[in-house]
Amino acid sequence: MSADKKCYEKICWEYGVTDFRWMLKKLNEKKLEREHEQEKVVERLCNLKPIEMKANGEAEFELEMSLRDAASRIFLFKDGVMVPFDDDTDDKHALRQVGKRFVFSINGVSPEDAGLYQVEVDGVKIFSTDLKVPSVDFLVKIQDVKAEEREDAVFQCVVSQPIKKINWKGKNISLEQGDKYDIIVSEDMLIHTLVVKDCLVFDKGIYAADIGLQSCSAWLMVEADNDPNSRGKKKARKTTRAGGGGEELLKIAEEQQAKLQKEREEMIQKKKKRVRTGPLVPDTVIGKKEKKTPSDPGVYFTSGLSDISAIIDTETELVCRLSSENCEGVWYKDGREVTATEEMYFVNDGTYRKLVFKNCKEEDNGKYRYEADGRKTEAMLVVEDPPRLNQDDLDHFMKPVVVKTGKDAAFKLNFVGREPLKIQWYNEGEELLEDPHLRIEKSGSHSRLLLLKCNRKTRGEIKLKIKNEFGTADAITQLIVLDRPTPPLGPVDIIESSASCIDFKWRPPKDNGGSPITNYILKRQQIGRNSWKKLGKIGPEAKYRDTDVDHGRKYCYHIRAENDQGISEMMETDDIQAGTKAYPGPPTGLKVISAFKDCINLAWSEPSNTGRTNILGYNVEKRKNGSNLWGLVNPPEEPIKEKKYAVKDVVEGIEYEFRVSAINISGAGEPSAPSEFVFARDPKKPPGKVTDLKVTDSTYTTLSLSWTKPKEKEGVQDEAKGYFVELRTADNPEWGRCNSSVIIVNSFTIMGLKSMAMYWVRVVATNEGGDSEPEELDNHIIAMPPPVRPHFTDKKIKNFIVARTGNSVRLNYNFKGSPKPTVTWMKDGLPVPKHVTVSNSDTSSQLIITSSERQDTGLYTLILKNMVGQVTSSVEIRVTDDPKPPGPVELEENVSGTITIAWTASPDEKKDDRLHYTISKRDSVKRTWQAVADHLFNNKFTAVNIMPGRQYKFRVYAKNDMGTSKPSESPTWEVKREKESFALNLPDSKDCRFEAPPAFSVPLKMHNAPESYECYMSCAVTGNPKPYITWYRNNVSLNTNANYYITNTCGVCSMAILKVGPRDRGDYTVVAENALGRVECSTKLVVKESVAGS
């Protein structure tokens, strides 16, 4: 109903309306009904402009209307669903109002924005317009990109229409602008670019650009950096970029931009209207006036009235301007003439005409009109009555309220304003609702807040907010609740800690209770004593200097804060020491020089920190292995003067460890680290060589060894306490130890070997007496796993794949083998073409055809080979498309009761050796299509059982691995029935009963079906009444399963499985039953699975 008249014919054609006059009649009736409804909410409606697309990708539609009620609400609907909008032009849907002109805009138009948009005012439909988004297509699609590791990859496309943003996806995940991706749109919004920054191997995959109904995709392939010198190191990011369209892409975009600009200019030329010259004269005339010539338009308004809003009891005025001073006019309110009063009077100031309201009242609301010389102008005056506060009351309210904790606090404020009023109280920005500790009184002239039993949490800003339809008024005050302070805050900051004083400070309490701190009260305790000493009140400053201290003693302090309301809880400080004693550090280099059964000799070095005094001596301590107690070796009053000592207080056969501490004037310092354990016994003999050294396992980076502990021979070789494993490469004569500390087990795994490198290995036994002779392997070792013949690890390997032309094909194989097998791909016995991408790793190989063509069809073979043997796997890839239909179908009757069907071969028959044909038949009696032949590889078929007097039609379909073509249909075939007179003399028949229980005249047969092919099962059943047939697979009924096509015609029961899969294998049973009995017949379906070659 809002469409342009010139579009009526197009709309009728689009919706199939043929009676144009009837349509115009109904349209006028509908328009009258809508105008009658619109008059309830809109006084004037004009200049309706349908929605149209802008060059910047936005869509706009506009209209001019005068609302009867300025408070009426405007709604926007799209296809019957409400759409939220705002006056912010940056939002998706926006409304901009300029006077009586309303402009609706849709930013960033996409295909999803197409639909019917409707404007409603208070539920009344005002305007409807249909947005049709121009179809957008890809002029240039994104292309496959092959990038090196740490290089940027660029995808670019060109669209046919300007779009602010398209959807980019990577591996089916939406991509956004960020550190990893750059999304760039050209100024003309035709070229869209995606930059994948700093490509890594895991970034490879399919990336897509989506513009709603259209999309395109391409592969990103990342080549790993296989430089052995950079292995294990972080690679530097490259500054180069891979991909991108270049100058050719820019040229295509420029041509499209010029084309679009030309189309816009042609559209603008068609829409241009004749421009009026001379002054614009309003066409609204009241009464009959003298006819004026175009050169003398008479008096007219150069500036009309404007809608205004005024606050009640304030002065305001309505103003308009005429083209001449010498003209009198009349003021009207709501259609009635206005007379001047003391509160409302007229002012004529030159060409200006004013209606002045001295003190606006509610009764002044209305529509005012000024008429002069047959012209008129009108506007609305809305008198608003927002909430208002008396200044004296507000000043009194803003004074802070001070109460003690546990007492009540009350706040009250008077106000005026039109009801209904919404009154809200807030405490520190949080709205207050009534509860047992809070009361709120509300009326049309005042509100009162009562807070019961206030505490410190209640203190802060108290705010009263009053709101009605015309505005809001706020009043803010402060509530101060007095209480004792919270404890002072630690930790303390030590200013000075000496032998004569302790000077420290702390932070004041977080909450002073609403009153200033008057004093801090301190108590002190010397660590080690139970009593506390009162230090008394020290004043309001948060610091203290204690001079009554003993050097080296530690003290703890309790601090409390005091104000007018009381004393806080105490804060306890950490222990503070009065001065610090300079103890020496631990001695270094403690070691056992020698050990015997009755004496162990020790030596050490002086500590680096002597405490700034001389070292007076040393204390030596010992501890038995397994004990936690250290015992002093030398007498406490006799410190050791030298930096060595012979410990004689030992027991033979016992294992000891020792430590040493230095002594200065302050006392003994921290002890040194313990020495290694040592037995009190005479020196040992080195152990013998290990035996049975052998390799237990190996990989490309590790080597595992095991050996047998050497035997102990008294007086010749003692027991081995540990082992060292040594290694050298074949080209290096120097041996290096693999373990820095002694290992005590008889096995070891060497890590970090270089793949396929040659090494020599040996093992050395050791004890306190020294190292044994090394035991070396007889032969060198190569860093590699034990030789294993290559084999595939995938559970299922496909041997046949069908792909649609243009789609990608991917083959992925996982395998194992040692040494690492060489990987070779062959196609029909030859190397694969260059456009086929092969990616290999140590345990897998992948073949990718990014955009397959028919010539890619063939047998692909993967060959894995190493020194142990080789294994192969082959898969047939068939690239095809939906077959084209066969040619014309011809019918011929060579033998009575049969029809020979011949057809022209499908164009795809020569390209696809698996293409075959299927024939369906329909006669004039059954009127349903039935398959009569399938898997025909020739172009001729003879149909039998052709009945005279029936009309037949045949359809021929071409089928291949991808699907079925459209049918080619034959002409109608009919054999005329010749009527002959027929007479039959029957003898008198005896009464007989034809009822019989069900029975199978032809049972089911066993079937072996290849995977993905069709399978038909059938049997014949007799019985009267007609038996009810039920099919079962593995005892589950199939009659309601849409995956199986089941028929029962004249006792022949058949079931078709259109595409056999592994889930179809099993036992199938047909059950026939009627009132006289029940019988069943079973068979088995075996599905042939694909098996990979080796």
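Residues numbered from 1 in each chain as written. Predicted model: local features only at pLDDT ≥ 70, side-chain atom pairs only at ≥ 80, totals over all residues. Heavy atoms only, no water.

A.B. asks: Just checking my understanding: could you explain the overall build of the protein chain for this structure?
C.D. replies: When its secondary structure is counted, the protein chain shows four helices and 87 strands. By the compact-globule yardstick of 31 Å for 1094 residues, the protein chain is too spread out, its C-alpha radius of gyration being 51 Å. For the protein chain, long-range pairs separated by at least 24 residues make up 63% of all intrachain contacts whose partners lie at least 6 apart in sequence. Between the centroid of the 162 positive side chains of the protein chain and the centroid of its 162 negative side chains there is a distance of 3 Å. (Helix = DSSP H or I, 4+ residues; strand = E, 2+ residues; numbered from the N terminus. Rg over C-alpha atoms; globule rule 2.2 N^0.38 Å. Contact = heavy atoms within 4.5 Å. Lys, Arg positive; Asp, Glu negative; His and termini not counted. Charge placed at Lys NZ, Arg CZ, Asp CG, Glu CD.)

A.B. asks: Would you mind going over the sheet that holds strand S40 (residues 543-546) with me for this structure?
C.D. replies: The strands that make up a sheet pair up through hydrogen bonds in the backbone, lying either parallel or antiparallel. The sheet built from three strands is open, its strands ordered S36-S37-S40 with antiparallel pairing. Unpaired on one side and paired on the other, strand S36 (489-497) and S40 mark the two borders of the sheet. Here the average twist between neighbouring strands, direction ignored, is 20°. Bridge analysis of strand S37 (residues 502-507) against S40 gives four bridges, and the strand direction is antiparallel. When the bridges of S40 are listed, Lys 505 appears paired with Lys 543. (Pairing = 2+ DSSP bridges. Axes fitted to C-alpha atoms, helices over the stretch in contact; angles between N-to-C directions.)

A.B. asks: Explanation requested: the pattern of salt bridges in the structure shown.
C.D. replies: Note that side chains of opposite charge can pair when their charged atoms are close. Taken as a whole, this structure holds 49 salt bridges when the rule is applied. In this structure, the salt-bridge partner of Lys 49 is Glu 62, at a minimum N-O distance of 3.6 Å. Of this pair, Lys 49 sits in strand S1 (residues 42-53) while Glu 62 sits in strand S2 (residues 59-67), and the two are 13 residues apart along the sequence. In this structure, Lys 1084 engages Asp 1067 in a salt bridge whose closest nitrogen and oxygen atoms are separated by 3.5 Å. Of this pair, Lys 1084 sits in strand S87 (residues 1077-1088) while Asp 1067 sits in strand S86 (residues 1066-1074), placing them 17 residues apart in sequence. By relative accessible area, which is 40% here, Lys 1084 ends up partly exposed. Taken together, the shared-partner salt bridges in this structure form one network comprising Glu 876, Arg 878, Asp 912, Arg 914 and Asp 961. (Salt bridge = Lys/Arg side-chain N within 4 Å of Asp/Glu carboxyl O. Buried < 20%, exposed > 50% of the residue type's maximum accessible area, 1.4 Å probe, protein only.)

A.B. asks: How should the confidence of the model for the protein chain be read in this particular structure?
C.D. replies: Do not read the predicted coordinates in detail wherever pLDDT is low. Here the protein chain averages 84 in pLDDT, and 91% of its residues register 70 or above. Strand S47 (residues 617-624) holds the highest mean pLDDT among the elements of the protein chain, 94, whereas helix H1 (residues 8-15) holds the lowest, 62. Below pLDDT 50 for its whole length, residues 273-296 participates in 17 contacts with residues either more than four positions away or in separate chains. (pLDDT = per-residue confidence, 0-100.)

A.B. asks: Can you walk me through the packing of aromatic side chains in this structure?
C.D. replies: Each pair of aromatic rings is reported with the distance of its centres and the angle of its planes. The tally for this structure, following the rule as stated, stands at 19 aromatic pairs. When the ring of Phe 61 is compared with that of Phe 104, the centres are 5.1 Å apart and the planes differ by 10°; the resulting orientation is stacked. Residue Phe 61 is found in strand S2, and its partner Phe 104 is found in strand S6 (residues 101-106); the two are separated by 43 residues along the sequence. On the basis of an interplanar angle of 70° and a centroid distance of 5.7 Å, the ring pair of Trp 604 and Tyr 618 is categorised as edge-to-face. Here Trp 604, found in strand S46 (residues 600-605), pairs with Tyr 618, found in strand S47; they are 14 residues apart in sequence, far enough to count as distant. With respect to burial, Trp 604 and Tyr 618 carry one shared label: buried. Each member of the aromatic cluster is reached from another via a ring pair, and the members are Phe 504, Trp 506, Tyr 520, Tyr 544 and Tyr 557. The ring of Tyr 332 has Arg 369 sitting right over it, with the charged end atom 4.7 Å from the ring centre. Stacked on the ring of Tyr 426, the Lys or Arg Lys 463 has its end atom at 6.0 Å from the ring centre. (Phe/Tyr/Trp six-rings, centres within 6.5 Å; stacked < 30°, edge-to-face > 60°. Lys NZ or Arg CZ within 6 Å of the ring centre and 35° of its normal.)

A.B. asks: What is the right way to look at the nonpolar core in this model?
C.D. replies: Generally speaking, nonpolar side chains in soluble globular proteins are found buried as a group. With 32 residues, the main nonpolar core has Phe 155, Trp 168, Leu 194, Val 196, Tyr 207 and Leu 220 as its most contacted residues. Top contributing element to this core by residue count: strand S11 (residues 152-159), with five residues. Leaving out residues up to four positions away in the same chain, Trp 168 has contacts with Ile 142, Phe 155, Cys 157, Ile 173, Ser 174, Leu 175, Ile 183, His 192, Thr 193, Leu 194, Ala 208 and Ala 209. (Core = buried A, V, L, I, M, F, W, Y, C linked by side-chain atoms within 4.5 Å.)

A.B. asks: Teacher, can you tell me more about unusual backbone geometry here?
C.D. replies: The bulk of non-glycine residues show a negative phi, and the bulk of peptide bonds are trans. In the segment running from Glu 419 into Pro 420, the intervening peptide bond is cis, with an omega of 5°. Relative to the helices and strands, Pro 420 resides in the loop between strand S29 (409-414) and strand S30 (422-427). The omega torsion across Gly 490 and Pro 491 is -5°, close enough to zero to call that bond cis. Positionally, Pro 491 belongs in strand S36. At Ser 1012, a position not held by glycine, the phi torsion is positive, near 75°. Tracing the backbone through its elements, the reader meets Ser 1012 in the loop between strand S80 (1007-1010) and strand S81 (1015-1024). Take Ser 1012: its relative accessible area is 43%, and that puts it in the partly exposed class. Even without glycine at this site, Asn 1035 takes up a positive phi of about 65°.

A.B. asks: Looking at this structure, how should I read the environment of Gln 214?
C.D. replies: Inspection of the secondary structure puts Gln 214 in the loop between strand S16 (205-210) and strand S17 (215-223). On the basis of relative accessible area, Gln 214 is assigned to the partly exposed category, the value being 34%. Distance in space between the C-alpha atoms of Gln 214 and Phe 138 is 7.7 Å, their sequence separation being 76 residues. Apart from the residues within four sequence positions on either side, Gln 214 is in contact with Val 136, Asp 137, Phe 138 and Ala 209.

A.B. asks: I'm lost on the environment of Val 925 in this one. Help?
C.D. replies: With respect to the secondary-structure elements, Val 925 resides in the loop between strand S73 (916-923) and strand S74 (930-936). On a C-alpha basis, the gap between Val 925 and Gln 951 in space is 8.1 Å, while along the polypeptide they are 26 residues apart.

A.B. asks: Explain the sheet that holds strand S34 (residues 460-468) here, please?
C.D. replies: As summarised here, the arrangement of the five strands in space is S28-S35-S34-S30-S31, forming an open sheet in which the pairing is mixed. Strands at the two margins of the open sheet, each flanked by one partner only, are strand S28 (401-404) and strand S31 (430-431). Of the pairings in the sheet, the one linking S28 to strand S35 (residues 471-482) comprises four bridges and is parallel in character. Considered in S35, the bridge of Val 401 is made with Leu 479.

A.B. asks: What should I look at first to understand the side chain of Glu 60 in this one?
C.D. replies: Among the secondary structure elements, Glu 60 is positioned in strand S2. Residues contacting Glu 60, with those up to four places away along its chain left out, are Pro 50, Ile 51, Glu 52, Lys 54, Arg 96, Val 103, Phe 104 and Ser 105.

A.B. asks: Any chance you could explain the pairing of S46 here in plain terms?
C.D. replies: Two faces belong to every sheet, and in a regular strand the side chains alternate between them. For strand S45 (residues 588-595) and S46, the ladder comprises five bridges, and the chain directions are antiparallel. Across the sheet, the residue bridging to Lys 591 is Ala 603, located in S46. The antiparallel pairing of S45 with S46 creates a hairpin that spans four residues between the two strands. Taken together, the four bridges between S46 and strand S49 (residues 644-647) define a ladder with antiparallel strand orientation. Opposite Asn 601, over in S49, you have Ala 646 as the bridge partner.

A.B. asks: I keep staring at a nonpolar patch on the surface and nothing clicks. Help me out?
C.D. replies: Taken together, the side chains of Val 742, Ile 744 and Val 745 make up a nonpolar region of the molecular surface, amounting to roughly 280 Å² of accessible area. Within the secondary structure, Ile 744 is located in the loop between strand S56 (736-737) and strand S57 (747-750). Take Ile 744: its relative accessible area is 66%, and that puts it in the exposed class. (Patch = residues over 30% accessible without salt bridge, like charges linked within 9 Å, V, L, I, M, F, W, Y side chains within 5 Å. Areas by Shrake-Rupley, 256 points an atom, 1.4 Å probe, with all protein chains shown as cover.)

A.B. asks: Sorry, what's going on with the pairing of strand S55 (residues 722-729) here?
C.D. replies: Extensive coverage of S55 is indicated by the burial of seven of its eight residues. As defined by bridge partners, S55 adjoins strand S58 (residues 758-767) across eight bridges and the pair is classed as antiparallel. Paired with Glu 726 across the two strands is Arg 762, which belongs to S58. By the bridge criterion, two bridges tie S55 to S56 in an arrangement that is antiparallel. Within S56, the position partnered with Glu 726 by the bridge is Arg 737.

A.B. asks: What should I look at first to understand the side chain of Thr 351 in this one?
C.D. replies: Note that Thr 351 resides in the loop between strand S24 (344-349) and strand S25 (352-357). With a relative accessible area of 16%, Thr 351 lands in the buried category. Engagement of the side chain of Thr 351 in a polar contact is seen with the side chain of Arg 321, the distance being 3.1 Å. In this structure, Thr 351 is in contact with Cys 320, Arg 321, Leu 322, Ser 324 and Glu 325, ignoring residues within four places of it in sequence. (Polar contact = N/O pair within 3.5 Å; in protein donor to acceptor, adjacent residues only side chain to side chain.)

A.B. asks: It is not clear to me how the state of the cysteines should be interpreted in this structure. Could you clarify?
C.D. replies: Where two cysteines share a covalent bond between their sulfur atoms, that bond is called a disulfide. Summed over all chains, the structure comprises zero disulfides. Cysteine Cys 556 is unpaired, with the sulfur of Cys 501 as its nearest cysteine sulfur at 18 Å. Since its relative accessible area comes to 2%, Cys 556 is described here as buried. (Disulfide = S-S within 2.5 Å.)

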